[in-house]
Protein chains: 2
Amino acid sequence: MILDTLHSPQDLRTLNQEQLLALAKEIRQAILQKTSQVGGHVGPNLGVVELTLALHYVFSSPKDKLVFDVSHQTYTHKILTGRAQAFLQKDHFHDISGFSSPVESEHDTFTVGHTSTSVALALGLARARDLQKQKHHVVAIIGDGALSGGEAFEGLDNAGAYAGNLTIVLNDNNFSIAPNQGGLYANLKALRESKGTCEQNYFKDLGLDYVYVEDGHNLDALIETFTSVKESEKPVVVHVRTQKGKGYAPAQENPELFHSLSGFDLETGEPAQTGQITDAAALFGRDTHRIIQAALQQNDKIIALNAATPGMMGFGPRERAEAGEHFLDVGIAEPAAVSVAAGLARGGAQPVFAVRSSFAQRAYDQIAQDVCIDSLPVTIVVFTGSLYAMHDVTHQGLGDIPLLSSIPNLAYLCPATPKEYEAMLTWSLSQREVPVAIKLPGVYEEVYGEQAGAKALAQKQNENDLDANVPSKAPGHPATPFSTYQVIDAGSRVAFLGLGTFLGLAQKAASLLEKETGIRSTVINPRCASGVDGECLEQLKKDHELIVTLEDGRVEGGFGQKVAAFYGTDDMQVLVRGLSQELLRKYCVEDLLKQNGLTAPQLVSSIQEIL
Amino acid sequence: MILDTLHSPQDLRTLNQEQLLALAKEIRQAILQKTSQVGGHVGPNLGVVELTLALHYVFSSPKDKLVFDVSHQTYTHKILTGRAQAFLQKDHFHDISGFSSPVESEHDTFTVGHTSTSVALALGLARARDLQKQKHHVVAIIGDGALSGGEAFEGLDNAGAYAGNLTIVLNDNNFSIAPNQGGLYANLKALRESKGTCEQNYFKDLGLDYVYVEDGHNLDALIETFTSVKESEKPVVVHVRTQKGKGYAPAQENPELFHSLSGFDLETGEPAQTGQITDAAALFGRDTHRIIQAALQQNDKIIALNAATPGMMGFGPRERAEAGEHFLDVGIAEPAAVSVAAGLARGGAQPVFAVRSSFAQRAYDQIAQDVCIDSLPVTIVVFTGSLYAMHDVTHQGLGDIPLLSSIPNLAYLCPATPKEYEAMLTWSLSQREVPVAIKLPGVYEEVYGEQAGAKALAQKQNENDLDANVPSKAPGHPATPFSTYQVIDAGSRVAFLGLGTFLGLAQKAASLLEKETGIRSTVINPRCASGVDGECLEQLKKDHELIVTLEDGRVEGGFGQKVAAFYGTDDMQVLVRGLSQELLRKYCVEDLLKQNGLTAPQLVSSIQEIL
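Treat the numbers as computed from the prediction; the structure is a model and nothing was measured. (Residues numbered from 1 in each chain as written. Chains lettered and ligands numbered in written order. Predicted model: local features only at pLDDT ≥ 70, side-chain atom pairs only at ≥ 80, totals over all residues. Heavy atoms only, no water.)

Enquirer: How would you summarise the sheet that holds strand β9 (residues 379-383) of chain A if you had to cite specific residues and measurements?
Expert: Residues and elements named next belong to chain A. Reading across from one edge, β7-β6-β8-β9-β11-β10 is the order of the 6 strands in this open sheet, with parallel pairing throughout. Edge positions in the sheet fall to β7 (327-329) and β10 (411-413), since each has one partner strand and no second. Averaged over all neighbouring strand pairs, the angle between strand axes comes to 20°, with direction disregarded. For β10 and strand β11 (residues 436-439), the ladder comprises 3 bridges, and the chain directions are parallel. (Pairing = 2+ DSSP bridges. Helix = DSSP H or I, 4+ residues; strand = E, 2+ residues; numbered from the N terminus. Axes fitted to C-alpha atoms, helices over the stretch in contact; angles between N-to-C directions.)

Quick look at the structure:
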């Protein structure tokens, strides 16, 4: 194998045309072999094999800096920079992350996982180089899908005003995770169709130089073009036309499916069964679509929104077509998604926006300002906000409680079960008073059966008929039928507040506690992470001496700390459990739970020490 | 006055050309009269008098929806929609806010204050209209300065893919707060110079229709153009050339100064003395520039960054020219500013980014991801993060502690005094390990003199020589010389943790407590809002029974709650004081302090109750 003979990217230059083509084949094979077994981003990576080869051929990483946007398309890059083994040998498959990672290699400039950042990051590197009078090259590689993100525009706009060496490679496969959304894509199409010659040119309009590469799988053309722009003294956009999934027919034919999957049959292209983690998100996605569809029967003003992850909320191509004007994908543009939702709500429609936990960070300002200052009835469903969800450091959903539970006027509801989620979402889609976010649990399980779900559903009957013991609306703390804590088991001495995912853990710990100490504790489903249910917490003072809070996320700035502060000047003891501030590149769920004392035995042990 | 005869914007259509021009004069006069006395956004509002008149002439608000970006330029709009009195009568000057406000008038569609949101908000309104088969018109009004914001791009890009009625008025006065930054502005210039005819057209690239108005102060031309596009069935950008400050020579000649000021002499145009609140921010701005300049003598890799508010950090036109490549303004593009800073840091430079507290929300994702996952040495200085700063609900700086104190790997330092700020910033500009944010106090005061400042300065001597009792670096909690709590007065029973602005209040309360009860309490300067100083808090358990935390910001998700959680299972009582979740449209500082128990007498009273 040619791969075995390469010790650094520079060795590429010792290969002739034939060898380079053979190498490209080897790389594709390695990618397919690995991803068919353990999954990954198939289509995106197959599409940039030649592009990446050409980059490493022309530029000299790590002296020259390569910044990959999102960086899910860095498999070839990793293969060429000392990590081929992680693609060739099953035992080493999990040595590397799915994204750019400086701890793996000096060839990876940043830990990246979120979209649209590459041009700005690269601009920073370029300016640092200038400031220190260094002489290397800086390259950003960004996909067409990522261009819809406002920060990509900001980067390009700033590059347009920058006078220095910077190459911006636009990998245009005419696709995001799903088809692209936005007027810009008509311009990209015109550019492709005119082979880069048409007058309308978004990049030139921002002051950037521009060249076009018609065949992004032609190594010669790529090498020639990169060489020609390499020494440019002002930023150049190299617009490269590629095909997602190139070299593997099933991926070429089904780009949305093969964007990312957890495994497939190499022969047939049939996707494998998804694993446990994906199941929870997939199940909640299916439920979300079902609940929205049902709500639409009562309320034709509902509109489901998404920022380029429609499949996540259960709206695949068929569902989107069915939904028509009741579904809107704004492209990778979370800030705009939230402001559009605010506009929809103000205009009398009923928007529901589904977003990944870590991507919600991108719209913090719009949530806090556009939605919440005027208390517009926008519903935001937060997916993958759990330690059970994606483990890669850039996509971890461990920070959404600190992110969303302290925004004035926002109710951050945390269902423990699918039925409870259904009740909350259905209610939120029928009310006009309250901005609501809903944190989906990390596991899909009816942990306490019909009881609580049915009770909450009953509460929804009448929009104006809020639960009798809904706390009076303290300013900044919106009232919802779910703002009161729900006692699942009434006991004494110890009360568990098991938020969302961890209601089940609370029940287990209570059970073990009784078994080991005879203490029959109270188990509560708090249901809401924003503010606290002061009445309930007051009442607990009568017969309890210890509250144990459990949350699926980091505790700093989170739910348990609110409860601890509530009891600040009381005798009540509060044990706050959740995740620490430690950012782990990746983790094993069981280990993480143990490290953070989130197992029943550990909880019981700690409780015994305290009492 | 013609103004007196108008009862609704529709009455404009009863006026002839001469009367409209006279009305424009009256409006300018009213704006100048008010702002010369009490300040405001002068230049931006003078520039859109005709534009706003024409909008209300052609469109029928409130049935037709007008969405003003930022909305600082809505004085004429407010005058025409029932709020003229707030400009004509001194007693009513403060009846209204400086921004769009639905609680004032149905003609204001949203509470707006942050930039670049108008197109997305308007798009939401338009789609809500379509969904409900309504027939009114929707108009977004955005300035050229706001176009640099990524969300504006996202809005325009989505509008380009939208098939419906939407008018986007681009108010182009070729200025942001300071001169515009970005390649796009060359395109806007070319469009202006070619009267909208040049081929290069950013808006057309995004799929939008486009018309140009050469003289944005010619009412006829504006009315004619708005009329011509009003019924368009796809979005149209109306690019209007205006002059900032039009009609008042001093404002025309000094657009940066007259963007916003707190008063001026109407005759001469001389700006008035700034009031107390501005003084603190202005003083810290001046200090920031001075500290950076001094640090640059030791380290030529330092670069000061800003997102269109250079004056705030003390970099006026002269300072910017002097700084050369050591200053970079990315335009209104906070996300890019942070990612550029990350790239600069990765590339060996030493970036310091100054940003308003509420604007920092716009870059949460980039701070958490690009800066903090790789622990890049970026320094972020947070201005106006205080209840003493700007009171308008959209610009309040009351949420930066919840925003920034729980991000893994970020040290959120809170100096109490100017000297301490200098020590912290100077240290941060000399280190390569830690992402640092610094929250400027709300008042500029040496509350405890030389002592602490000098001690901290001494600690900076050697980058690697951290204070002996710096807590061992717990993962996610970066160590800095300021991560330990500083005991200002050692006492017993009660300990005040007066964070930042409120160290002074802590001292006052301690003093009053001693006077009234004889208790000699401990006063501590915590210095850091992220994490807690566990060692110190442990030690306090010996001789204290009550901790009182004071923070200049909302307590939910904040500093005091961390301290309360630390003592969760101890006997220690913790009283957390700061601001509630209540969002106030505006407030009086003294009232707000009282409402939240943030006065020395109230604290002493509460303490006595608790003990």
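Enquirer: Can you explain helix α7 (residues 118-131) of chain B? Please cite residues and give values.
Expert: All names here are of chain B. In this model α7 runs 20 Å from its N-terminal to its C-terminal C-alpha over 14 residues, within 8% of the 20 Å that 1.5 Å per residue would give. For α7, the tally of buried residues reaches 12 of 14 residues, placing the bulk of the element in the interior. Along α7, the positions that sit buried rather than exposed are S118, V119, A120, L121, A122, L123, G124, L125, A126, A128, R129 and L131. Trailing α7 by a residue or two, K133 shows a phi angle of about 55°, which is positive. (Expected span 1.5 Å × (residues − 1). Buried < 20%, exposed > 50% of the residue type's maximum accessible area, 1.4 Å probe, protein only.)

Enquirer: Just give me the short version of the side chain of S428 of chain A, but keep the residues and values in it.
Expert: Residue and element names in this part refer to chain A. Along the chain, S428 turns up in helix α18 (residues 418-428). Accessibility expressed as a relative area gives 0% for S428, which makes it buried. Not counting the four nearest positions on each side in its chain, S428 is found in contact with Q350, T379 and V436. (Contact = heavy atoms within 4.5 Å.)

Enquirer: Talk me through helix α21 (residues 534-543) of chain A; I want residue IDs and the actual numbers.
Expert: Residue and element names in this part refer to chain A. Of all the residues in α21, the buried ones are C536, L537 and L540. Buried residues along α21 cover an arc of 95° about the axis, so they all sit on one side. Where α21 is buried, its residues meet β13 (493-498), β14 (522-525), β15 (544-554) and α22 (559-566). (Arc of directions from axis to C-beta.)

Enquirer: How would you sum up the nonpolar core? Please name residues and give values.
Expert: Grouped together as the largest cluster of nonpolar side chains are 186 residues, with contacts concentrated most on Y202 and F203 of chain A together with Y202 and F203 of chain B. The contact partners of Y202 of chain A, leaving out residues within four places of it in the chain, are F153, L156, L184 and N187 of chain A together with F153, Y202, D205 and L206 of chain B. (Core = buried A, V, L, I, M, F, W, Y, C linked by side-chain atoms within 4.5 Å.)

Enquirer: Please provide a residue-by-residue account of the environment of N180 of chain B, values included.
Expert: Residues and elements named next belong to chain B. With respect to the element layout, N180 can be found in the loop between β3 (167-172) and α9 (184-193). Among the residues examined, N180 registers a relative accessible area of 16% and is labelled buried. There is a polar contact of 2.6 Å between the side chain of N180 and the side chain of D144. (Polar contact = N/O pair within 3.5 Å; in protein donor to acceptor, adjacent residues only side chain to side chain.)

Enquirer: A description of the pattern of salt bridges should follow, citing residues and the corresponding values.
Expert: The final tally for this structure, using the stated rule, is 52 salt bridges over all chains. By sharing partners, the salt bridges in this structure join K78, R83, E104 and D108 of chain A into a single network. (Salt bridge = Lys/Arg side-chain N within 4 Å of Asp/Glu carboxyl O.)

Enquirer: Can you tell me about the sheet that holds strand β15 (residues 544-554) of chain B, naming the residues and giving the values?
Expert: Residues and elements named next belong to chain B. Strands sit in the order β12-β14-β13-β15-β16 across an open sheet of 5 strands; the sheet is mixed. The open sheet terminates on both sides in strands that have one partner only, identified here as β12 (486-489) and β16 (573-579). Along the sheet, successive strands turn relative to each other by an average axial angle of 25°, direction set aside. Bridge analysis of β15 against β16 gives 6 bridges, and the strand direction is parallel. What sits directly across from I547, in β16, is V574. The strands that helix α22 (residues 559-566) touches are β13 (493-498), β15 and β16; relative to β15, the one it contacts most, it runs at about 155°.

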